[in-house]
Amino acid sequence: MSRRPPAPLVLVAAAIVGLISLPLVYLLVRTVEGGERAWEILFSRALLELVVDTGVLVAAVTGTALAVGLPLAWLTTRTDLPWRGFWATAAALPLVIPSYVAALVFLAAFGPRGLLQRLLEGPFGVERVPEIYGLPGAWLALTVATYPFVFILTSAALRDLDPSLEDASRGLGRSRLTTFRRVTLPVIRPSLAAGALLVALYTLADFGAVSLMQYDSLTRAVYLQYRALFDRTPAAVLALVLVAITALVLVLELRARGRARTNRAGSGSPRPAPTVALGGWKAPALVFCTSVVGIALIVPLAVLGYWAGRAFSDDEPLGWSWEPAVNSVGISLLAAGAAVAVSLPVGILAARYPSALSRTLERLSYAGNALPGIVIALSLVFFAANYATPVYQTLALLVFAYVVRFFPQALAGSEAALQRVSPRLEEAGRALGRRPADVFVRVTAPLVTPGLLAGGALVFLSTMKELPATLLLRPIGFETLATEIWRYTSVASYSRAALPALVLIALSAPLVYALRARTASDSGAPG
Amino acid sequence: MRNLLVLGLAVAALAGCGSDDDNGGANGGKLTIYSGREEELIGPLIEKFEQASGIDAEVRYGDSAELAATIAEEGDNSPADVFFAQDPGSLGSLEGEELLAELPDDVLERVPERFRDPDGHWVGTSGRVRVIAYNTEALSEDEVPDSVLDLTDPRWKGKIGFAPTNASFQAFVTAMRLSMGDEQAKEWLEGFAANDPKTYEKNTPVVEAAAAGEIELGLVNHYYLYLVKEEQPDAAVANHFLNGDDPGALVSVAGAAIVDGTDDEDQAREFVEYLLSEEGQRFYTEEAEEAEYPLIEGVEPKEGLPALDSLEGPDVDLDAFGAELERTLEMLREVGFTT
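Residues numbered from 1 in each chain as written. Chains lettered and ligands numbered in written order. Predicted model: local features only at pLDDT ≥ 70, side-chain atom pairs only at ≥ 80, totals over all residues.

1. With respect to the pairing of strand β9 (residues 251–258) of chain B
Residue and element names in this part refer to chain B. Here β9 lies mainly inside the structure; eight of its eight residues are buried. Neither face of β9 is left uncovered, since the one carrying Val-251, Val-253, Gly-255 and Ala-257 and the one carrying Ser-252, Ala-254, Ala-256 and Ile-258 both have all their residues buried. As defined by bridge partners, strand β3 (residues 82–85) adjoins β9 across four bridges and the pair is classed as antiparallel. Looking across to β9, one finds that Val-82 is bridged to Ile-258. Pairing of strand β4 (residues 123–135) with β9 involves six bridges; the strand directions are antiparallel. Residue pairing in the sheet places Val-123 in a bridge with Ala-256 of β9. (Buried ≥ 20, exposed ≤ 12 C-beta atoms within 10 Å, placed from the backbone. Helix = DSSP H or I, 4+ residues; strand = E, 2+ residues; numbered from the N terminus. Pairing = 2+ DSSP bridges.)

This is the structure in C-alpha cells:
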C-alpha cells in the first residue's frame with residue numbers, strides 16, 4: 001500500500017487544502033498583530049472556564065447524538081420496524097432545521113411560560129418546568145440539529161455492509177449481540193466516528209443555539225468579542241483556541257476510527273441484508289422512534305405551524321416570494337457539487353495513499369468546519385476585498401465560503417466511500433491496460449457514487465441553512481431562505497419567519513427521501 | 001479550485017446577478033449602504049429616499065458590529081459608501097480606524113450636540129431611550145420604580161430581566177459610570193447582581209419575557225415594546241419611563257456615517273441629509289412601527305411618548321463610550337455578568 005502518490009494529485013490536494021485553510025492564516029495574522037495582548041488573553045482564567053464549558057457541551061451533544069443516531073440507523077435499515085421508510089426520512093429531516101430556529105422553537109415550547117408549561121399548568125398544576133436556559137437548552141437544540149449526521153452516515157454504512165460477514169459470525173454460533181459488537185460495529189466504526197466528528201465540529205462552531213440559550217461557549221465568546229469591543233485580537237485568539245480543540249477532537253476521532261479495513265469485494269451483494277424480526281421489541285422501538293421524531297421534528301413543525309398560522313390570519317399581505325427559495329436551492333446545489341468535486345483529490349490521497357502527508361492534509365482540511373461562521377466570513381472578506389477584488393461579493397466567493405465551511409462533510413462522504421472500494425478492483429483495471437483516470441471513471445466512480453451523493457447531500461442541507469457567512473459575503477440583494485428567517489426573527493416577527501423556515505424544511509425533505517431511496521437501491525443492485 | 005470559481009462565475013453571469021459591477025469602490029452610480037438597522041424597520045425609509053432623490057440604493061443588511069468589522073477588513077477597498085448603524089459604538093469603532101469621512105457642518109448641526117460625534121464623523125439619526133418594560137398583569141404603573149437605583153430593592157429579587165451582552169445595556173452601564181462615578185456604579189451593579197436578575201440574549205427576548213410573566217421588569221430600549229406588540233397585540237407589557245434625570249435614563253442614538261474614500265460622496269451626503277430632513281425624520285413619527293425619536297427640531301415624537309427635552313438623562317458624551325467600553329466590560333466581568 002505504500003505506493004507513491006502521483007505528483008499532480010498531491011499538488012492539487014495541497015492547493016485545495018491550502019485555500020481551505022485561508023481562515024487559519026487570517027487568524028494567525030490577527031493574533032500576531034495583537035502581540036502581548038494575545039498572550040494575556042491566552043492565559044486568562046476566563047478562557048479556561050470557556051474551554052471547560054465548551055468541552056462539556058461538545059461531549060454531551062456528541063454522546064447523545066451517538067446514542068440516538070446509531071439505534072435509529074440500525075432500526076431503520078436492518079429490522080422489520082413498521083413504516084421504516086417514514087422513520088428514515090423523518091429522523092434525518094431535523095438536519096435542515098437551523099440551530100437558531102431549533103433554539104427559538106424549544107424556548108417557545110419548553111421555556112418558562114412556554115407552551116408545555118401552559119399545557120401542564122391547568123390539569124396538573126405544574127408551576128415550573130425545568131429550567132431550559134443554559135446547558136439543557138443548548139444541549140437539546142444542538143443534539144436535535146446534529147444527531148442526523150450520525151444517523152445518515154451510519155445508515156449508509158449499515159446498508160452498504162456485506163451481510164456475508166455477519167452470516168459467517170452467526171454461522172459460527174455467535175449471538176446476534178456478539179455479532180453486532182464484534183463484526184458489525186468495527187465495520188461501521190469509521191462512519192460512526194465520522195458522524196460524531198461532524199457533530200462535535202458543528203457544536204464547536206455553533207452560535208445560534210448557544211446565544212439564545214445563554215450558554216457560554218467559545219464560539220459565543222468570539223461573537224461577543226466582535227460585537228462588543230470591535231477588537232479583532234481577542235476574537236482571533238479565542239478562535240485559534242477553537243482550532244486547537246478541533247485538533248484534539250480530530251486526534252480522538254482518528255483513534256476511534258480503529259484500524260478496521262472495510263473494503264468489500266464488489267459494489268454490493270446479490271441479496272440485501274436479512275431483516276431482523278423485532279418481535280416483542282417492536283413496541284419499545286416504536287416508542288423510541290416516536291419520541292425522537294416527536295421532539296426533533298414534530299415539536300418544531302408544530303410551533304412553526306402555529307406561528308405561520310398567525311401570519312395567515314393577519315390582515316397584512318404575506319408578500320411571499322419564491323425567489324429566496326430558488327436562490328437557496330441553486331446556491332446549495334452549487335456548493336454541494338463544488339465541495340464534492342474538490343473533496344475527491346483529498347479523499348483519494350487519504351484513502352489510497354496513506355502517509356503522514358496525506359493524513360496531515362486531510363486533517364488540516366477540517367479546521368474550517370469548527371470555526372464560527374463569522375470568522376470564516378471576515379477572513380474571506382479580508383482576502384477577497386484586498387487581494388481578489390473581482391470575486392468579492394460574488395456568488396463564486398459565496399460558494400467558496402460554503403466549501404470552506406462544509407468541506408469535511410463532503411470529505412466524510414467521499415473518503416468513506418473510497419475506503420469501502422477495494423483497491424484490488426482498481427489494480428485489476430490497470431492491469432488490463434486502462435489508464436488510471438479511465439479506471440476511476442469506469443470502476444471507482446460507479447462504486448463510490450452513493451457515498452459522494454451522501455456527502456453532497458450533507459453539504460447541500462448545511463448550505464440551505466447557513467447564515468453568518470451568507471449575510472456578509474452574498475451579493476447585495478441575494479436573499480436566501482436563511483436570510484429571510486433572520487430578517488424576520490431579528491425584529492421578533494416569528495409569524496413571518498415561520499413561513500420561510502417551513503419552506504426550507506419542505507424543500508429539503510424530498511432530497512433526504514430521494515437520497516435514501518437512491519443509496520438503498522444502488523447498494524442493493526447486483527455488482 | 002479554478003474550476004469552482006469559473007463555475008460560480010458562470011452561474012452568477014447566467015443568473016444575471018450583475019455581480020460584475022458592484023465590486024470595489026467603483027459601482028456605477030449606485031449608492032451602497034451597509035445597514036445594521038433591520039430591513040423590516042428602515043426598508044421603507046430607504047425606498048422613500050430613492051423616490052425623493054432618484055438615486056439607486058443598494059443595501060447590505062447585517063449586524064451593526066459585524067458590518068463595522070467587515071468595513072474594517074475591507075479597508076480602502078470597501079464597496080460601502082454609507083454606514084447606517086444601530087449604535088454609536090459601531091460608528092465609533094470605525095472612526096477609531098480612521099475609516100469615516102467628515103460630515104458637513106450643516107448636516108451635523110441639525111441635531112442637538114449630545115447626539116453627534118464632536119469630531120463630525122458620524123451623526124445620530126434617531127433616538128432611543130432606556131426604560132423599564134413591565135408586566136401589566138403583575139404590576140400597575142405606579143409600582144414600577146422611577147429610578148434604576150431602586151432595582152436593588154429585594155422586592156425585585158429574581159424578577160428583573162436584562163441583556164448583559166447587548167451593546168445597549170453596556171452603554172447604559174457606561175452612562176451610569178460616567179454620571180455617578182465608577183465606585184458608585186459598581187456598588188449599584190453588585191446590588192443589582194445580588195438580586196439575581198435573569199439574563200437574555202438581547203432586548204426583544206427581555207420584553208417577551210416580561211410579557212409572558214417570566215419576569216416582572218425588564219431593562220430595555222423603549223422601542224422594542226412596539227415590535228413585540230406588533231407580533232402579539234395583546235401582550236401584557238408596557239414601558240415605564242424613568243425620571244428625566246435618572247442615571248439610568250440614557251438617551252442613545254442610531255446613526256449614520258460616510259465611509260472614507262467613497263467615490264459616491266455626493267450621493268452618500270445626500271442620503272445622510274435625507275435621513276435628517278423633515279421628511280426623513282417624520283418617518284419615525286408617522287410611519288415606523290417602532291416609534292423611535294426624531295432628532296431634528298420641529299418634528300415631534302409619536303403620540304404618547306414624553307418629549308425628548310424632558311429626558312435629560314445622565315449628562316454624558318456618547319462619543320466617549322467607545323473608549324469607556326473596555327472598563328465597562330471589565331466591571332461587568334467582575335460582577336459576574338459576562339465572561
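2. Digging into the pairing of β4 of chain B
Residue and element names in this part refer to chain B. The buried fraction of β4 is high, at 13 of 13 residues. Where β4 and strand β7 (residues 217–221) come together, five bridges link them in antiparallel fashion. Bridging across to β7, Tyr-134 finds its partner in Leu-217. Bridge count between β4 and strand β8 (residues 237–241): five bridges; the pairing is antiparallel. Note on β8: the bridge partner recorded for Ala-133 is Asn-239.

3. Section: helix α11 (residues 278–286) of chain B
Residues and elements named next belong to chain B. All of the buried residues in α11 are Gly-280, Gln-281, Phe-283 and Tyr-284. Projected onto a plane normal to the axis of α11, the buried residues spread over an arc of 130 degrees and lie on a single side. Exposed side chains of α11 directed beyond 90 degrees from the buried face belong to Glu-278 and Glu-286. Along its buried surface, α11 packs onto α2 (39–53), β4 and α10 (265–275). (Arc of directions from axis to C-beta. Contact = placed C-beta atoms within 7 Å.)

4. Quick look at unusual backbone geometry
One non-glycine residue, Trp-83 of chain A, adopts positive backbone phi at about 55 degrees. You can see Trp-83 of chain A is positioned in the loop between α4 (45–78) and α5 (84–92). Of note in the backbone geometry, Ala-291 of chain B takes a positive phi value of approximately 55 degrees without being a glycine. Relative to the assigned elements, Ala-291 of chain B resides in the loop between α11 and α12 (321–335). Taking the C-beta count within 10 Å as the criterion, Ala-291 of chain B has 20 such neighbours and is therefore assigned buried.

5. Regarding the interface of chain A and chain B
Each side of the interface is counted separately: chain A has 54 residues, and chain B has 50 residues. Among the elements that make up the side of chain A that touches chain B, the one with the highest residue count is helix α17 (residues 373–387) of chain A (six residues). Per-class residue counts for the side of chain A that touches chain B are 38 nonpolar, ten polar and six charged. (Nonpolar A, V, L, I, M, F, W, Y, C, P; charged D, E, K, R; others polar.)

6. Remarks on the environment of Tyr-147 of chain A
Residues and elements named next belong to chain A. For Tyr-147, the position within the fold is in helix α8 (residues 135–160). Since 28 C-beta atoms lie within 10 Å of it, Tyr-147 is described here as buried. Between the alpha carbons of Tyr-147 and Leu-198 there is a distance of 9.5 Å; along the sequence they are 51 residues apart. Ignoring sequence-local partners within four residues, the contact set of Tyr-147 consists of Ala-65, Val-68 and Gly-69.

7. Observations regarding the packing of helix α18 (residues 395–420) of chain A against helix α20 (residues 436–465) of chain A
Residue and element names in this part refer to chain A. The contact between α18 and α20 brings their axes to 7 Å, and the two run at 160 degrees. It follows that α18 is roughly antiparallel to α20 by the angle criterion. Of the two possible hands of crossing, α18 and α20 adopt the one that is right-handed. Contacts between α18 and α20 involve Tyr-402, Phe-406, Gln-409, Ala-410, Leu-411, Ala-412, Gly-413, Ser-414, Ala-416, Ala-417 and Leu-418 from the first element and Val-448, Pro-450, Gly-451, Leu-452, Ala-454, Gly-455, Gly-456, Leu-458, Val-459, Ser-462 and Thr-463 from the second. (Axes fitted to C-alpha atoms, helices over the stretch in contact; angles between N-to-C directions. Parallel < 35°, antiparallel > 145°, perpendicular 65-115°, else oblique. Left-handed = near helix turned anticlockwise from the far one by under 90°.)

Purely spatial values, then, with no claim about function.
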